[in-house]
Amino acid sequence: MADPALETARRRLPRLRVRLRELYHGSSPRAVRFRLSVIALDFVLIAFFVASPFLREYPVYLAIDYLVAFVLALDLLARALSHASLKDWIKRPAVWVDLFVLLTLLFPLWLFNLAFLRVLRLWSLFHSDFFWETVGRRYDDTRWEDVFKTVATLVTFVFVATGFVYASFAREHPGIQGYLDALYFTMTALTTTGFGDIILPGAWGKLLTIVIMVSGITLFVRLAQTLIRPYKVHFTCPSCGLMRHDPDAVHCKACGVLLNIPNDEA
């Protein structure tokens, strides 16, 4: 005989998925307000991740850490249920980033040295359709979307590199006594300023410094290209599949097929 509680749960699950789909993907004022609340909560979580190195010494830190893990797990579960295909949802890179962040929150003592990777949540937020369809819908598929994504990538790299330097050399190198010293070194290496007052020791330190400098140059060049180069609209050519075209393009420059690019000004 089937368990009545289990049968009730099975009947309620489809209704729950429909409700979550409306909240996470709908266009009603209620759905927009809900998504704005979720995004505001995301920024609070990211602020906690950035401030974590300064809060670890406080006894309340672990309690906040597990609370954040609960909130993030609840959000991931709700997003999974709201998606039409769980298989397609789990394949997204941003989902894997969020799952890794959740893992570091659930095991903060074991994965202490990887906690700095939690700031990758900033990258996954700004590269998600969820953000651009809600907060940035006015700038979705525009130059500003590319600019904000590039800036988010640059800021994320700064904090990831800072966390890497801090986890590898803090208290083992006299120049890096705290997180602020690691951030200072990262910024001087990233901008290739190189004051020379903090130098990472050994072959590993030199290799890490080279990676930070090369990555910094690449990210700054990418940002400059995004700001200066002519903007290309995202529209897939039905013939050859080319995805970027001039805003006023009538024909695909690769195959010459006639395009029908949507234009709000038309």
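Conventions used here
Residues numbered from 1 in each chain as written. Predicted model: local features only at pLDDT ≥ 70, side-chain atom pairs only at ≥ 80, totals over all residues. Heavy atoms only, no water. Helix = DSSP H or I, 4+ residues; strand = E, 2+ residues; numbered from the N terminus. Buried < 20%, exposed > 50% of the residue type's maximum accessible area, 1.4 Å probe, protein only. Contact = heavy atoms within 4.5 Å. Areas by Shrake-Rupley, 256 points an atom, 1.4 Å probe, with all protein chains shown as cover. Salt bridge = Lys/Arg side-chain N within 4 Å of Asp/Glu carboxyl O. Expected span 1.5 Å × (residues − 1). Patch = residues over 30% accessible without salt bridge, like charges linked within 9 Å, V, L, I, M, F, W, Y side chains within 5 Å. pLDDT = per-residue confidence, 0-100. Axes fitted to C-alpha atoms, helices over the stretch in contact; angles between N-to-C directions. Parallel < 35°, antiparallel > 145°, perpendicular 65-115°, else oblique. Nonpolar A, V, L, I, M, F, W, Y, C, P; charged D, E, K, R; others polar. Core = buried A, V, L, I, M, F, W, Y, C linked by side-chain atoms within 4.5 Å. Lys, Arg positive; Asp, Glu negative; His and termini not counted. Charge placed at Lys NZ, Arg CZ, Asp CG, Glu CD.

A. Structural detail: the overall build of the protein chain. For the protein chain, the helix and strand inventory stands at ten helices and two strands. Ordered by position from N to C terminus, the α and β elements of the protein chain give α-α-α-α-α-α-α-α-α-α-β-β. With 266 residues in all, the protein chain has 38% of them scored as buried. Taking as baseline every contact in the protein chain between residues at least 6 positions apart, the subset at least 24 positions apart corresponds to 56%. As displayed, the protein chain offers around 16,100 Å² of accessible surface, 66% of which is attributable to carbon and sulfur atoms.

B. Region of the structure containing the pattern of salt bridges. Taken as a whole, this structure holds six salt bridges when the rule is applied. As a salt-bridge pair, Asp 42 and Arg 79 come within 3.5 Å of each other at their nearest N and O atoms. Highlighted residues: Asp 42 in helix H2 (residues 29-55) and Arg 79 in helix H3 (residues 61-82), separated in sequence by 37 residues. Given the relative accessible area of 15%, Arg 79 is considered buried.

C. Region of interest: H3. Its 22 residues give H3 an end-to-end C-alpha distance of 31 Å, which sits within 8% of 32 Å, the value for a rise of 1.5 Å per residue. Among all positions in H3, only Tyr 61, Asp 65, Val 68, Ala 69, Leu 72, Asp 75, Leu 76, Ala 78, Arg 79, Ala 80, Leu 81 and Ser 82 are buried.

D. Representation of the environment of Gly 196. As for its position among the elements, Gly 196 is in the loop between helix H9 (179-190) and helix H10 (202-228). Measuring from C-alpha to C-alpha, the distance between Gly 196 and Phe 185 comes to 9.2 Å, with eleven residues separating the pair along the chain.

E. Expanded view of a nonpolar patch on the surface. A cluster of nonpolar side chains, contributed by Leu 62, Tyr 66, Leu 103, Leu 106, Phe 107, Leu 109 and Trp 110, occupies part of the molecular surface with about 760 Å² of accessible area. For the nonpolar patch, the secondary-structure elements that each account for two or more residues are H3 and helix H5 (93-106). Note that Phe 107 resides in the loop between H5 and helix H6 (120-126).

F. Spotlight on the confidence of the model for the protein chain. Here the protein chain averages 80 in pLDDT, and 87% of its residues register 70 or above. Element-level pLDDT for the protein chain is lowest in helix H1 (residues 4-25), with a mean of 69, against a maximum mean of 90 in H3.

G. Quick look at the packing of H9 against H10. In the contact formed by H9 and H10, the axes pass within 8 Å of each other and the chain directions differ by 60°. Relative to H10, H9 is oriented oblique. Residues Phe 185, Thr 186, Ala 189 and Leu 190 of H9 form the contact with H10, whose own contacting residues are Thr 209, Ile 212, Met 213, Gly 216, Ile 217 and Phe 220. For the contact of H9 with H10, the residue count by class is seven nonpolar, three polar and no charged.

H. Summary view of H10. When the terminal C-alpha atoms of H10 are compared, their 39 Å separation across 27 residues agrees well with the 39 Å that a helix rising 1.5 Å per residue should span. Within the sequence span of H10, burial applies to Gly 205, Leu 208, Thr 209, Ile 212, Gly 216, Leu 219, Leu 223 and Thr 226.

I. Just the nonpolar core, in detail. Grouped together as the largest cluster of nonpolar side chains are 19 residues, with contacts concentrated most on Val 165, Phe 169, Ile 176, Phe 185, Leu 200, Leu 208 and Ile 212. Mapped onto this core, the elements with two or more residues apiece are helix H8 (143-169), H9 and H10. Tallying contributions element by element places H8 first for this core, with six residues. Of all hydrophobic cores here, the second largest spans 15 residues; its members include Phe 48, Phe 49, Ala 69 and Leu 72.

J. Quick peek at a positive patch on the surface. On the surface, Arg 15, Arg 19, Arg 30 and Arg 33 cluster together to form a positively charged patch. Going through the elements one at a time, H1 and H2 are the ones with two or more residues in the positive patch. Looking at the element boundaries, Arg 15 is found in helix H1. Overall, Arg 15 belongs to the exposed group, its relative accessible area being 57%.

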